[in-house]
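# Topology and contacts: notes
Spelled out from the first residue to the last, the chains are:
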Amino acid sequence: MISPYKLGLVFVTASAIAWSLAGLFTRVIPLDSWTILAWRGVFGALGLAAVIFMTERHQSWASIFRLDKSGWLFVVVSGVCMVFFITALKETTVAHVAVIYATIPFCAATLGWLVMGERPEIRAVLASVAALAGVSIMVGLGSEGTLFGDLLAFGMTLGMAVLMIIARRHPDISVMPAACLSALFSSIICWPLGDPLAVSSHELLLIALFGIMVSAVGVAFFALGAKLLPPIETALIGSLDAPLAPLWIWIVFGEIPGSSTLIGGCIVFGAVVLHVISGASKATPATTLR
């Protein structure tokens, strides 16, 4: 037996791990962001369609047509977030994207308070501040990155906070079909802007892994977890991708993170772990799932 709260923690943590691979894939695929997004959306949609079929079987196609206004809003916002995210990784540094995304607990908490009247618990607020401080240490006060890329990263961060509110306020939304359609939506937007027919088979394989791991797996777990946790806690656990992203770069390229990255990463991990431990007993047996 596992409580919905703990299940939400597992799902959002899994999505953070999947999303932390985005910087690695963007680094190893030598293509422009529009071409990557065009094919990434296709493979992400196929992966999510497979998830829908496995979980809903005969109702898989019908669920797509059951989307209401909130579902279509989820589609559009999620699709735009995909475009902003990959383009930001190409236009600015992974570290800048990470530190800007680390502000999402504050965006989610503010939107949750304004839209839903949810007052975040003090432990979640303190943990969010600690996580932001940790990522800030990772990035430091360097002059890397570009203003345009940083603005794209902030747009993605704000959009993700909006998705958390949508999923929380409309728990009956068909999130998997919405995420599948959002992947197709981003592909349609980017297809004419790139050169998707000129990619090699090796590049296509990498983009396929990118789409399935980051889009399908990441979005699926995030959408499920966001329905079970308050927005600020979803954002807090999701900030784990910041210290994980340079870890994959170190493993693949042998680039050893600097002392600021190691210290900041430990602070982020510590904030998340302490928050999870302190909230482990939040759920009661009456709300458990089998």
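Here we summarise the structure given alongside this text. This one's a predicted model, so the numbers in the text were calculated from it and none came from an experiment.

Counting buried positions along helix α6 (residues 94-101) gives six out of eight residues, so the element sits mostly inside the fold. Among all positions in α6, only His96, Val97, Ala98, Val99, Ile100 and Tyr101 are buried.

Before going further, it helps to spend a moment on the packing of helix α1 (residues 4-19) against helix α11 (residues 201-226). In contact at an axis separation of 7 Å, α1 and α11 are set at 155° when each is read in the N-to-C sense. In terms of their interaxial angle, α1 and α11 are classed as roughly antiparallel. The two elements α1 and α11 meet at a crossing, and its hand is left-handed. In this structure, α1 contributes Gly8, Phe11, Val12, Ala14, Ser15, Ala18 and Trp19 to the contact, and α11 contributes Met213, Val214, Val217, Gly218, Val219, Phe221, Phe222, Leu224, Gly225 and Ala226. Here the residues of the contact of α1 with α11 are counted per class, giving 13 nonpolar, four polar and no charged.

This brings us to the nonpolar core. Ile29, Met160 and Phe210 are the most contacted members of the largest nonpolar core, which totals 68 residues. No other element matches the 11 residues that α11 contributes to this core. Ignoring any residue separated from it by four or fewer positions in sequence, one finds Met160 in contact with Trp19, Cys81, Tyr101, Ile104 and Phe222. Tyr5, Leu9, Leu240 and Val272 belong to the second largest nonpolar core, which has eight residues in total.

Reading guide: rules and limits
Residues numbered from 1 in each chain as written. Predicted model: local features only at pLDDT ≥ 70, side-chain atom pairs only at ≥ 80, totals over all residues. Heavy atoms only, no water. Buried < 20%, exposed > 50% of the residue type's maximum accessible area, 1.4 Å probe, protein only. Helix = DSSP H or I, 4+ residues; strand = E, 2+ residues; numbered from the N terminus. Axes fitted to C-alpha atoms, helices over the stretch in contact; angles between N-to-C directions. Parallel < 35°, antiparallel > 145°, perpendicular 65-115°, else oblique. Left-handed = near helix turned anticlockwise from the far one by under 90°. Contact = heavy atoms within 4.5 Å. Nonpolar A, V, L, I, M, F, W, Y, C, P; charged D, E, K, R; others polar. Core = buried A, V, L, I, M, F, W, Y, C linked by side-chain atoms within 4.5 Å.

Don't take any of this as a statement about function, it's just geometry.
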